[in-house]
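Take a look at the letters that make up each chain.
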Amino acid sequence: MGRARLARLHGVATSYTPAPGRSVQITDDTAVAVLAALGVDASTPHAVRTALAAYEDDAARTLLPRTVVARPGRPPDLTGLPEGTALRVETEGGGTAEPVAPGRPAALARLPLGIHVLHATAPGGRTARAPLIVAPDRVPVPAGRSHGFLVQLYSLLSRRSWGMGDLGDLADLAAWSGRALGTGFLQLNPLHAAVPGPPTDPSPYRPSSRRFPDPVHLRIEHIPEYTHLTGTARLRADELAARAGVLRSEVLERGALIDRDAVWELKRAALELVCAVPLGPGRRAAYCDFLAEQGQALEDHATWYAFAERHGPDWRGWPAALRDPRSPDTARLRHRLLDRIDFHCRLAWLTDEQLAAAQRAARDAGMAVGLVHDLAVGVHPSGADTWAQQGAFAAGMSIGAPPDAFNARGQDWGLPPWRPDVLAAAGYAPYRALLRGLLRHAGALRIDHVMGLFRLWWVPEGRPPTEGAYVGYDGEAMLSVLALEARRAGAAVIGEDLGTVEPGVRGALAERGVLGTSVLWFERDYRDRGDGGAGENAGEREAGDGAPRADAVQAGDGPGAAVAPEAVADGAAAGPAGERGAARETAAPAPGGAPRILAPDEWRGACLATVTTHDLPPTAARLTGADVALRERLGLLAGPPERERSRAAQELTEWMRELVRRGLLPEGRSDEEAAVKAVHRFLLRTPARMVGVWLPDAVGDRRPQNLPGTWDEYPNWRLPVAGPDGRPYTLEELAASPRLHALMRELSDGPG
């Protein structure tokens, strides 16, 4: 009992619900390990008693919470302060606000937005100070309705790319699509800095750092110093560009996969030449401003990459003294490697410049939002962020997903979690800085696994995912920091809320203005099934006859993966809150007792609506059965092939009937291109504020960019955008594609 109480006091849930009516208690070993990662010894009964006493003593002596959060109409809860305690606020700008009258903490919510410092002085002389976050109620929302592309940047090659899509291609796509197609946004894969190879993990969802972008995305020729190369440096640069042309041709013309390591080898060599060119006075001043603005975070980031060149990309295997970023040995090696550290700082600056140019191109083309950057749920345990911010991460822990009715083994994503106690003690500074960096050149931010702002499943190192536990985060504080930084950047926020969603989370996100993510195939009415769903998952992965559907089961296999959310614990997928009593058109009943397809006006309006995502089958594959055939070939089907093909065919037939019934498929069911248009016409009838088109869908690509559940069996994250026959399309060919233009005319001319 004592250990369970200690766990709960520190935000560790002692049970979870994998299925209706079934509660599973976490083991004592799990509780001990998770508490140890939070700095609490619970290994023996004596240690538990000592820890409980320490907690109670600390609670009795503490005047203020680690971080105080306020917003308009919601003052902080400071009821535990002794009567007569005086409060004083040191504002973010360094000034002092009017003293707060004792017992009147509501005045704190009326302070200017920002990160202040709250000082408390109790009558007995005790004092305390804590960060005070005053945040807006809501994040900004996009003005009006917009449509845009969902793009995996590496897959978007032009005739100028060096073997993979780059920031020059992104700027061109923005300038063209905004002007020619009326697109309002481009949603990207995470562009975070990768752990260097070879081989480099191609997944954008397991980065070395989320704080800085990866220079592999640079367009070398767009760097101003490139034009000043002369002599042997120019000859060498021309040779590298020619080799890059060969890489590009291999991908576009000979069916080769995108080879990130080969691309980076050429770009790094070219960047060494470019960075040897002296900066002009104006450029030097701009670089110095960037260094000053980014400060210690950039120095640590560049230092890790410089050290990795010498000692390898896993800092946990470096000489012991170098594992501490503040040790004397680290300081000495920093001094010896100043040139290499400056090189990596320069790459961060150059990448930041090109990201800014891409966002300018989007806005200049008339996009209301522009770039939508993607925040991965975590970082690689050996990478730059975990080295530089070791105290903020839970040592020996990995995040994942608990076992449920459709994955009895659970999942371990191999990404260490942030410690909620350390975040709170730091006034959420690491989180604030992360958001600020990502929002520098963004019109919106997508947050992968947004439920992680409230809780994450922690798995102790060396143990299976079944032996994990949920650890809670202060959702109010996390959302308030998000709202503050988004307001300052003037950016919208999209939460990827597919998968296991605990009760109340979607409501809390909607209250703060965070848009959800709605995928066409999964928007069904599960309220009337009467089967209770799947415990905490509330049936999120349950399909028509209660058996696991192949794409639903495979879709949640790791960070960045979308999990089929056919129903959720708080029922939010069934429609916008407060609208269930409204009269509305309904969809026809589904055959065979399957959950009913939601009518367009039953969708929530505060969402990004899409037909598919980066880890679900492309629409053409679903329409032709190529998705089931691929999984059958790789042995990934959840049941016998005949059953899976039959289920997929039944679902497709149901959707085609629905589209025909609504007059959205006048061309007939046998026309694949017309069916792709029809499902997007359906999206346009929903109230969704943002409508996203998966770029490969626009040209009939049948190959998924990521097939969860595979590693070497499938070339995840390494395929260029291609047509129905698998032939890669360049950006220039995309811009001239009749099929793409025909689809995008539907969105430009459609409702809304």
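Bear in mind that the values here come from a model prediction, so they are computed numbers and not experimental data.

**Focus: the pattern of salt bridges**
Evaluation of the coordinates by the stated rule reveals 54 salt bridges. With a shortest N-O distance of 2.8 Å, Asp497 and Arg604 are connected by a salt bridge. One end of the pair, Asp497, is in the loop between β17 (492-495) and α14 (505-511); the other, Arg604, is in the loop between β20 (596-597) and β21 (607-610), and 107 residues separate them in sequence. In this structure, Asp497 and Arg604 share a single accessibility class: buried. Connected through shared salt-bridge partners, Arg71, Arg74, Asp137, Glu476, Glu511 and Arg512 make up one network.

**Regarding the packing of aromatic side chains**
The tally for this structure, following the rule as stated, stands at 14 aromatic pairs. Lying over the aromatic face of Tyr226, Arg234 brings its terminal NZ or CZ to 4.7 Å of the ring centre. The ring of Tyr470 carries Arg455 above its face, with NZ or CZ at 3.6 Å from the centroid.

**Quick word on the packing of helix α12 (residues 429-438) against helix α13 (residues 475-489)**
Two elements in contact, α12 and α13, have axes separated by 10 Å at closest approach and are oriented at 35°. Regarding α12 and α13, the two cross each other, and that crossing is right-handed. Residues Tyr431, Arg432, Leu435 and Arg436 of α12 form the contact with α13, whose participating residues are Met478, Val481, Leu482, Glu485 and Arg488. For the contact of α12 with α13, the class distribution of residues is five nonpolar, no polar and four charged.

**Digging into the packing of helix α5 (residues 231-253) against helix α6 (residues 260-275)**
Helix-helix packing is characterised by the crossing angle of the two axes and by the distance between the axes. Between α5 and α6, the shortest axis-to-axis distance is 10 Å and the interhelical angle comes to 165°. Overall, the two elements α5 and α6 adopt an arrangement that is roughly antiparallel. Both α5 and α6 take part in a crossing whose hand is left-handed. Contacts between α5 and α6 involve Ala233, Arg236, Ala237, Leu240, Arg243, Ala244 and Leu247 from the former and Ala262, Val263, Glu265, Leu266, Ala269, Ala270 and Leu273 from the latter. Partitioning the contact of α5 with α6 into residue classes produces 11 nonpolar, no polar and three charged.

**Looking at the nonpolar core**
With 66 residues, the main nonpolar core has Val12, Tyr428, Tyr431, Trp458 and Leu482 as its most contacted residues. Among the elements that make up this core, the one with the highest residue count is α13 (eight residues). Setting aside its immediate chain neighbours within four residues, Val12 contacts Ala7, Ile26, Val34, Leu35, Leu38, Ala469, Tyr470 and Val471. Core analysis: the second largest hydrophobic core is formed by 61 residues, Ala358, Cys607, Ala675 and Val721 among them.

**Considerations on helix α2 (residues 28-37)**
Listing the buried residues of α2 in full gives Thr30, Ala31, Ala33, Val34, Leu35 and Ala37. Tucked inside the fold, the buried residues of α2 contact α1 (2-9), β12 (397-401), β15 (455-460) and β16 (469-472). Following α2 by one or two positions, Gly39 has its phi on the positive side, about 80°.

**Examining the environment of Trp413**
Residue placement: Trp413 occurs in strand β13 (residues 411-415). Counting along the chain gives 12 residues from Trp413 to Ala401, while the straight-line C-alpha distance between them is 8.2 Å. Side chain to side chain, Trp413 and Gln411 meet in a polar contact 2.9 Å long.

**Some words on the sheet that holds strand β18 (residues 516-519)**
Strand order in the open sheet formed by eight strands is β17-β14-β11-β8-β7-β22-β21-β18, and the pairing between neighbours is parallel. The outermost strands of the open sheet, each flanked by one partner alone, are β17 and β18. Direction aside, the axes of adjacent strands within the sheet are offset by 25° on average. Looking at chain direction, β21 and strand β22 (residues 690-694) are connected through three bridges and run parallel. In the sheet register, Thr610 faces β22, and the bridge partner there is Gly692. Against the sheet, α12 contacts β11 (370-375) and β14 (444-447), and its axis sits at roughly 150° relative to β11. Each of β21 and β22 is contacted by helix α19 (residues 672-685), which is oriented at about 165° to β22, the strand it contacts most.

**Section: the sheet that holds β16**
The strand order across the open sheet formed by four strands is β13-β12-β15-β16, and the pairing between neighbours is antiparallel. Among the strands making up the open sheet, the edge pair consists of β13 and β16. Neighbour-to-neighbour, the strand axes of the sheet open up by a mean angle of 50°, direction not taken into account. Both β12 and β13 contribute to a ladder of three bridges, which runs antiparallel. By the bridge assignment for β13, Ile399 is matched with Leu415. Most of the contacts of α2 go to β15, to which it runs at about 110°, and overall it touches β12, β15 and β16.

**Remarks on the confidence of the model for the protein**
One rule of thumb: low pLDDT means the predicted coordinates there are not for detailed reading. For the protein, the average pLDDT comes to 90, and 91% of its residues sit at 70 or higher. Counted against residues more than four places away or in other chains, residues 530-557, with its pLDDT under 50, gives 106 contacts. A low-confidence stretch, residues 562-586 stays under pLDDT 50, and its non-local contacts, those more than four residues away or across chains, total 86 contacts.

**So, α13**
Helical geometry note: an α-helix holds 3.6 residues per turn, so side chains three or four residues apart project in the same direction. Counted at 1.5 Å a residue, the expected span for α13 with its 15 residues is 21 Å, and the 21 Å between its end C-alpha atoms agrees. Count one or two residues on from α13 and you reach Gly490, which has phi positive near 65°.

**What about the pairing of strand β8 (residues 185-188)?**
Here β8 shows two buried faces, one formed by Phe185 and Gln187 and the other by Leu186 and Leu188. As paired strands, strand β7 (residues 146-151) and β8 are joined by four bridges and run parallel to one another. Considered in β8, the bridge of Val151 is made with Leu188. Two strands pair when backbone bridges link them, and β8 and β11 are joined in this way by three bridges, in the parallel orientation. Its bridge partner being in β11, Gln187 is matched across the sheet by Val372.

Thresholds, definitions, all that
Residues numbered from 1 in each chain as written. Predicted model: local features only at pLDDT ≥ 70, side-chain atom pairs only at ≥ 80, totals over all residues. Heavy atoms only, no water. Salt bridge = Lys/Arg side-chain N within 4 Å of Asp/Glu carboxyl O. Helix = DSSP H or I, 4+ residues; strand = E, 2+ residues; numbered from the N terminus. Buried < 20%, exposed > 50% of the residue type's maximum accessible area, 1.4 Å probe, protein only. Phe/Tyr/Trp six-rings, centres within 6.5 Å; stacked < 30°, edge-to-face > 60°. Lys NZ or Arg CZ within 6 Å of the ring centre and 35° of its normal. Axes fitted to C-alpha atoms, helices over the stretch in contact; angles between N-to-C directions. Left-handed = near helix turned anticlockwise from the far one by under 90°. Contact = heavy atoms within 4.5 Å. Nonpolar A, V, L, I, M, F, W, Y, C, P; charged D, E, K, R; others polar. Parallel < 35°, antiparallel > 145°, perpendicular 65-115°, else oblique. Core = buried A, V, L, I, M, F, W, Y, C linked by side-chain atoms within 4.5 Å. Polar contact = N/O pair within 3.5 Å; in protein donor to acceptor, adjacent residues only side chain to side chain. Pairing = 2+ DSSP bridges. pLDDT = per-residue confidence, 0-100. Expected span 1.5 Å × (residues − 1).

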